[in-house]
Structure formats: C-alpha cells, structure tokens
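Topology and contacts: notes
Spelled out, the chains give:
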Amino acid sequence: VRQLARAVAAVVQDSAADFDLAVREVVAMGRTPHKRLLADDTPEDAELIDGALLAVDALHLADRPFDRLSGGERQRVLIARALAQQPTLLVLDEPTNHLDIRHQLSVLGTLRRLPTTVLLALHDLNLAAYYCDRLYVLHDGAVTASGPPTEILTPRLLADVYGVAAEVATHPRTGAPQVTFLPGEPRA
C-alpha cells in the first residue's frame with residue numbers, strides 16, 4: 001500500500017474534503033507516504049511543500065485555514081498536495097474545476113511540465129487539445145477514439161459523441177486544434 005501511495009496521487013472532482021487544518025498542513029499530507037508514522041517534516045519536505053504551493057500560486061495561502069478558502073483556492077491546494085507527493089502517476093478529474101482562466105492555464109502548464117505521467121479527465125476540448133499529448137474520447141462508458149488531438153478532434157467525432165455541430169481549425173499561434181461549437185444540429 002505504501003509503495004502504491006508513493007507512486008500514485010489523485011485529485012478528484014468536487015472533493016468534499018473539509019479539513020480543519022492550515023493549507024500548509026493539507027499539502028504536507030502529500031508527504032505522508034514518504035515518511036514514518038508520526039515523523040516530523042524534514043527540511044526537504046518543507047521545501048517540497050513550499051514548491052508545490054508556489055507551483056499552483058498558493059504559497060500566500062499557506063497559513064490560512066483550508067476550510068475558509070474559495071473553491072478555486074481549495075482546488076489549487078489539493079493539486080499542490082498531489083504535487084508534494086511526487087508520484088510517478090498523477091490522476092486528476094477535472095483539475096481546472098472552480099479555477100479562473102489564469103489559474104486554469106497555469107495549473108495545466110505546470111502539469112504539462114512535470115516529469116511524470118499525468119492522466120486527466122477534462123471536458124474543455126480546447127484546453128485538452130493544447131495541453132495533452134494524447135486524447136481518449138469516451139462515449140457511453142467506452143473509448144470511442146484515441147490518439148493525438150490533431151487526429152482525434154474532428155467535426156464528425158464531435159457530432160457523433162456529443163451531438164453538436166462544430167468546426168475544428170488549427171490555431172495560428174499554437175498549432176493545436178481549436179474547436180468552435182456552432183448552434184443547431186450537426187450536419188449529416
């Protein structure tokens with residue numbers, strides 16, 4: 001169990017976590033799999049905790065009570081906790097939930113740069129197209145398509161899976177697919 005806890009970290013969507021702890025203490029929980037029972041934080045732990053908080057723009061919240069944070073602040077702290085864990089696999093369900101656009105881009109950029117495998121569920125197709133190497137599209141509980149965003153995001157797939165009309169173009173600056181949803185029914 002300890003080896004698994006060291007290897008895999010998860011951030012769930014809409015966590016019901018309501019810790020009566022300071023933010024720094026919540027993030028320190030990510031270090032638990034790497035320590036003996038009741039061991040104090042080492043200077044290395046403290047550095048990793050501060051680094052994780054800094055990575056999600058939450059260092060200034062370190063001494064605030066977690067249960068008094070906004071939804072977006074809580075989400076960033078829970079992501080910081082997972083980062084402090086230093087997993088080899090990081091699983092996130094809608095990590096941008098409750099985040100303003102600046103923090104969505106910042107957090108996804110941070111996840112993209114990690115030297116670890118990141119698996120995330122993300123409904124914003126434009127963010128997925130820009131930040132993800134590979135997409136898995138689910139429909140009725142099964143994988144309908146998988147591959148690089150440039151191959152997967154097509155008007156036909158969006159019509160078949162989501163029942164929406166869309167145009168997909170290549171963004172002129174990023175080179176990533178850019179989806180524009182259109183009113184009305186998809187064309188046959």
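The rules behind each value
- Residues numbered from 1 in each chain as written.
- Predicted model: local features only at pLDDT ≥ 70, side-chain atom pairs only at ≥ 80, totals over all residues.
- Heavy atoms only, no water.
- Salt bridge = Lys/Arg side-chain N within 4 Å of Asp/Glu carboxyl O.
- Buried < 20%, exposed > 50% of the residue type's maximum accessible area, 1.4 Å probe, protein only.
- Helix = DSSP H or I, 4+ residues; strand = E, 2+ residues; numbered from the N terminus.
- Expected span 1.5 Å × (residues − 1).
- Contact = heavy atoms within 4.5 Å.
- Core = buried A, V, L, I, M, F, W, Y, C linked by side-chain atoms within 4.5 Å.
- Pairing = 2+ DSSP bridges.
- Axes fitted to C-alpha atoms, helices over the stretch in contact; angles between N-to-C directions.
- Parallel < 35°, antiparallel > 145°, perpendicular 65-115°, else oblique.
- Left-handed = near helix turned anticlockwise from the far one by under 90°.

**Thoughts on the pattern of salt bridges**
This model, assessed by the stated rule, comprises seven salt bridges. Lys35 serves as the salt-bridge partner of Asp41, at 2.4 Å between the closest nitrogen and oxygen. Among the residues examined, Asp41 registers a relative accessible area of 39% and is labelled partly exposed. The salt bridge partner of Arg102 is Asp57, with a shortest N-O separation of 3.1 Å. Highlighted residues: Arg102 in helix α5 (residues 101–113) and Asp57 in the loop between α3 (43–55) and α4 (71–84), separated in sequence by 45 residues. Exposure remark for Arg102: the relative accessible area of 53% places this residue in the exposed category. Residue Asp57 is classed as partly exposed on the basis of its relative accessible area, which comes to 27%.

**Looking at α4**
Each full turn of the α-helix corresponds to 3.6 residues, which orients residues three or four apart in the same direction. The end-to-end C-alpha distance of α4 is 20 Å, a good match for the 20 Å that 14 residues give at a rise of 1.5 Å each. Burial in α4 covers these residues: Gly72, Glu73, Gln75, Arg76, Val77, Leu78, Ile79, Ala80, Ala82, Leu83 and Ala84. Elements that come into contact with the buried residues of α4 comprise β1 (8–11), α2 (23–28), α3, β2 (89–93) and α5. Directly after α4, the chain includes Gln86, whose backbone phi takes a positive value near 55°.

**Some details on the nonpolar core**
Among the nonpolar cores identified, the biggest contains 46 residues, and Val27, Leu53 and Val77 are the most heavily contacted of them. Among the elements that take part in this core, α4 stands out by supplying seven residues, more than any other. Setting aside its immediate chain neighbours within four residues, Val77 contacts Val23, Val26, Val27, Ala58, Phe66 and Leu69.

**Examining the sheet that holds strand β3 (residues 117–121)**
On the basis of which strands lie adjacent, the open sheet formed by three strands has the order β1-β2-β3 and parallel pairing. Bordering the open sheet on either side are β1 and β3, each of which pairs with just one other strand. Taking each pair of neighbouring strands and ignoring which way they run, the sheet shows an average axis angle of 15°. In this sheet, β2 lies alongside β1 in parallel orientation, the contact comprising four bridges. Within β2, the residue paired with Val11 across the bridge is Leu92. The sheet contacts of α4 involve β1 and β2, and relative to β1 the element is tilted by about 175°.

**Focus on the packing of α3 against α4**
In contact at an axis separation of 8 Å, α3 and α4 are set at 140° when each is read in the N-to-C sense. Classified by the interaxial angle, the pair formed by α3 and α4 is oblique. Handedness of the α3/α4 crossing: right-handed. Contacts between α3 and α4 involve Leu48, Ala52, Leu53 and Ala55 from the first element and Ala80, Leu83 and Ala84 from the second.

**Overview of unusual backbone geometry**
Residues other than glycine seldom take positive phi values, yet Asp57 does so here, at roughly 55°. Its identity is not glycine, yet His98 carries a phi of approximately 75°, on the positive side. Structurally, His98 can be placed in the loop between β2 and α5. A relative accessible area of 49% means that His98 is categorised as partly exposed.

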